[in-house]
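Breakdown of the fold
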Amino acid sequence: MNNRNATASWSGFSFQGQVGLLVALIEMQNIDATKYDKYFLEYENREDVAIYMLKDNQTREYLSVHQVKAYYSDGHLINTYKDVFQGKEEFEVDEEGKIVLDSEKNKILLGYKETGWCSNDNYLHTATEITNWTQEKIDAIGNPFSVSRFKYSSDQNYCDINLIKKFILEEIEKIKGESTETKLAVILANLSLFLDEKVRFEHANKKTKVEYDVKISFQELQEIIQASDNVIHDENTYFSRKLFFEKYIECIKQLEIEEHIQNHANIIIQNIYNSNNLSFDNFISRLNLTKPKEYIHLPHLNYNDDGLKQVFFKILFSVKNCIPVMEDNFVKYRSKTSSVQHYVLTTIINEVEECSDILKTLIENVDNQNT
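Attention here is on the structure that accompanies the text. What you see is a predicted model, and the numbers here were worked out from it, not measured in a lab.

Some thoughts on the packing of aromatic side chains
Considering all chains together, one arrives at 23 aromatic pairs under this definition. Between the aromatic rings of phenylalanine 244 and phenylalanine 312, the centroid separation amounts to 6.1 Å while the plane-to-plane angle is 65°, which identifies the pairing as edge-to-face. Residue phenylalanine 244 is found in helix H8 (residues 235-254), and its partner phenylalanine 312 is found in helix H12 (residues 305-316); the two are separated by 68 residues along the sequence. Take phenylalanine 312: its relative accessible area is 0%, and that puts it in the buried class. Residues phenylalanine 245 and phenylalanine 280 carry aromatic rings whose centres are separated by 6.4 Å and whose planes lie at 20° to one another, so their mutual orientation is stacked. With phenylalanine 245 in helix H8 and phenylalanine 280 in helix H10 (residues 277-287), this pair connects stretches of sequence that are 35 residues apart. Grouping residues by exposure puts phenylalanine 245 and phenylalanine 280 together as buried. Positioned over the ring face of phenylalanine 280 is arginine 241, at 4.5 Å from the centre of the ring.

So, the sheet that holds strand S7 (residues 148-149)
The strand order across the open sheet formed by 6 strands is S7-S6-S3-S2-S1-S8, and the pairing between neighbours is mixed. The open sheet is flanked by S7 and strand S8 (214-217), the only strands paired with a single partner. The sheet contact formed by strand S1 (residues 39-43) and strand S2 (residues 49-54) spans 5 bridges and is antiparallel. Bridge pairing in S2 links glutamate 42 to alanine 50. In this fold helix H2 (residues 15-28) packs onto S1, S2, strand S3 (60-69) and strand S6 (121-126), with an angle of close to 165° to the strand it touches most, S1.

So, the sheet that holds strand S11 (residues 342-345)
Strand order in the open sheet formed by 3 strands is S9-S10-S11, with antiparallel pairing between adjacent strands. Lying at the two open borders of the sheet, with one neighbouring strand each, are strand S9 (324-327) and S11. On average, each strand axis in the sheet is tilted by 40° relative to the strand beside it, whichever way the strands run. Where S9 and strand S10 (residues 330-334) come together, 4 bridges link them in antiparallel fashion. In the sheet register, glutamate 327 faces S10, and the bridge partner there is phenylalanine 330. Across the sheet, helix H9 (residues 259-274) lies against S9 and S10, angled at about 15° from S9, the strand it touches most.

Points about the pairing of S6
As judged from the 6 bridges shared by S3 and S6, these two strands associate in the parallel manner. Residue pairing across strands places valine 65 opposite asparagine 122, the latter belonging to S6. Summarising the sheet, S6 and S7 pair through 2 bridges and their orientation is parallel. Paired with leucine 124 across the bridge in S7 is arginine 149. In terms of handedness, the path from S6 via helix H4 (residues 135-141) over to S7 forms a crossover that is right-handed.

Remarks on the pattern of salt bridges
Summed over all chains, the structure comprises 14 salt bridges. In this structure, glutamate 250 engages lysine 247 in a salt bridge whose closest nitrogen and oxygen atoms are separated by 3.1 Å. Of the two residues, glutamate 250 and lysine 247 are both situated in helix H8; the distance of 3 residues between them amounts to about one turn of the helix. Accessibility expressed as a relative area gives 3% for lysine 247, which makes it buried. Lysine 309 is paired through a salt bridge with glutamate 250; the nearest N and O atoms lie 3.9 Å apart. Here glutamate 250 lies in helix H8 and lysine 309 lies in helix H12, a separation of 59 residues in the sequence. Overall, lysine 309 belongs to the partly exposed group, its relative accessible area being 33%. The network of salt bridges with common partners includes Glu42, Arg60, Asp213 and Lys215.

What counts as what
Residues numbered from 1 in each chain as written. Predicted model: local features only at pLDDT ≥ 70, side-chain atom pairs only at ≥ 80, totals over all residues. Heavy atoms only, no water. Phe/Tyr/Trp six-rings, centres within 6.5 Å; stacked < 30°, edge-to-face > 60°. Helix = DSSP H or I, 4+ residues; strand = E, 2+ residues; numbered from the N terminus. Buried < 20%, exposed > 50% of the residue type's maximum accessible area, 1.4 Å probe, protein only. Lys NZ or Arg CZ within 6 Å of the ring centre and 35° of its normal. Pairing = 2+ DSSP bridges. Contact = heavy atoms within 4.5 Å. Axes fitted to C-alpha atoms, helices over the stretch in contact; angles between N-to-C directions. Right-handed = clockwise from strand over helix to strand, strands pointing away. Salt bridge = Lys/Arg side-chain N within 4 Å of Asp/Glu carboxyl O.

So, in structure tokens, the structure goes:
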């Protein structure tokens, strides 16, 4: 994932979020359960994910630090991850922030951005296998922090985004004991929801990433695992959020987006992500004003895959000369010729032949939401 979609990447449903849960669940099985309150899973501080122990003097001893890179294009080449080992290159810039070139038109390297690696175990997680990982290549790049690939099994040191769930469920079963596939899935959903709420709280209440403190104790994880039954808390909202942000990440990866448009879109996505469950439910409802009101809060019915991709996100990422705003749980574009007129962004993508029924349902929904 790149920095442009940081908000969605750091939801509890993201690849990074799920990798963190997996790492913590594995580590839990190597620690005395009576000390779970001293061990923490941490996000967005030391690289992407970290595990630390809280010492008696309340300082943090980092046991492992993890960078998560979901690259598919050139993801099989070790040079794609060069910044991981030493930190991102920093070049000389002028007063306007533009990179300065020397007499031979080369960038002037000042050094490397400080990394968050620890003095214990440091791991790189990738979504594809790095096929040319050799000691010779590592020596050529430099690896001062002894970063190694994370092993998902005895013979696999990478994990496709779509396979992370399988690995997590296996670890939950080891901790929980014999359980049904349905119950294990519910536990994973509740863990993801708990994490997502933690991330959302930090993003909504802290001004900068430096202030974020997204952490979950092993004790909290254990309580969710042992308490979970066949109920996903806030199930409809959970799935609606999950589906919406997964589609956002998918569209980000597939579309070429100009930076200034992405910046405006990020503000909208940030507002949607930080909203409480009631506001988010209302937002989803207003995206789908052509759906019958009795189905409007059911994610498997209100999730409009084509409408999100071909209408909502496509417009959000392509309109150049008009800045979107978030008002009344709608995403709106104001007319340049009128201070009153504005256009509302939805997921409506129905065929012309269905117009009469659509308009009837739309009017009923607008009337219901205005009462």
